[in-house]
Amino acid sequence: MLKINNYEFDIKFSETNFRQRNYNNQSYITINITSEFFPSLVKESIIYGAVDIKIDLTEIKSIDDLIGKEHKGDIGKLHISVCNDGIWEENTIKDFEIKFEKRCGKDLFFEIKGKDFYYKDSSRMVSLYTTSTKPEELEKCFNLEAFYNQTTKREIGKSTITKYFIK
């Protein structure tokens with residue numbers, strides 16, 4: 001269920017991607033949940049759009065480390081894009097809370113609360129990407145058991161981005 005300003009919207013799709021990076025000798029995992037919602041009639045206007053949630057966490061060594069944990073405050077940003085009768089409006093919420101409830105195969109169940117925002121659903125996990133070039137270095141920071149060994153690599157500038165896909 002997605003509620004924005006107390007109006008409910010049906011989810012069209014939702015996907016989760018992870019990013020691992022090292023900064024100042026610390027591993028950060030960014031969880032990015034992207035969801036789109038179907039058009040609904042709200043106060044004689046057709047409303048539809050997308051929600052993009054990005055949170056940065058430390059101390060996460062695997063996907064299962066997320067389960068049962070709640071994170072609050074200024075942990076990232078929740079970006080809402082809404083088309084209101086053809087006019088796009090945007091809002092960013094920086095103070096929110098998210099709880100990862102469970103994992104069932106490729107689906108990650110969560111609950112997110114913020115000012116005039118509530119979202120409880122599941123999202124399909126897709127991939128993990130990183131600039132760590134050696135898998136053994138990455139595995140010191142994050143468990144890759146949930147991902148296929150086969151990867152894709154792409155050169156962007158001086159960096160090599162490696163993408164692992166969820167099993």
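Above this text is the structure in question.
Caption draft 1: Quick look at the overall build of the protein chain. The helix and strand inventory of the protein chain stands at 1 helix and 13 strands. Ordering the α and β elements of the protein chain from the N terminus gives β-β-β-β-β-β-β-β-β-β-β-α-β-β. Relative to the compact-globule value of 15 Å for 167 residues, the protein chain shows a C-alpha radius of gyration of 17 Å, a close match. In the protein chain, which comprises 167 residues, the share counted as buried stands at 38%.

Caption draft 2: Spotlight on the pattern of salt bridges. Taken as a whole and judged by the stated rule, the model has 7 salt bridges. Salt-bridge contacts for E70 lead to K72; the nearest nitrogen and oxygen are separated by 3.8 Å. Using a relative accessible area of 57% as the deciding quantity, one classes K72 as exposed. Across the pair D107 and R124 runs a salt bridge, and its minimum N-O distance is 3.4 Å. Placement of D107 in strand 10 (residues 107-114) and of R124 in strand 11 (residues 117-130) is noted, with a sequence separation of 17 residues between them.

Caption draft 3: Here's a closer look at a negative patch on the surface. A cluster of acidic side chains, namely E136, E137, E139 and E145, defines a negative patch on the protein surface. Along the polypeptide, E136 turns up in helix 1 (residues 135-141).

Caption draft 4: Here's a closer look at a positive patch on the surface. Residues R19, K54, K77 and K94 make up a contiguous surface patch of positive charge. Relative to the helices and strands, R19 is located in strand 3 (residues 11-23).

What counts and what doesn't
- Residues numbered from 1 in each chain as written.
- Predicted model: local features only at pLDDT ≥ 70, side-chain atom pairs only at ≥ 80, totals over all residues.
- Heavy atoms only, no water.
- Helix = DSSP H or I, 4+ residues; strand = E, 2+ residues; numbered from the N terminus.
- Rg over C-alpha atoms; globule rule 2.2 N^0.38 Å.
- Buried < 20%, exposed > 50% of the residue type's maximum accessible area, 1.4 Å probe, protein only.
- Salt bridge = Lys/Arg side-chain N within 4 Å of Asp/Glu carboxyl O.
- Patch = residues over 30% accessible without salt bridge, like charges linked within 9 Å, V, L, I, M, F, W, Y side chains within 5 Å.
- Areas by Shrake-Rupley, 256 points an atom, 1.4 Å probe, with all protein chains shown as cover.
- Lys, Arg positive; Asp, Glu negative; His and termini not counted.
- Charge placed at Lys NZ, Arg CZ, Asp CG, Glu CD.

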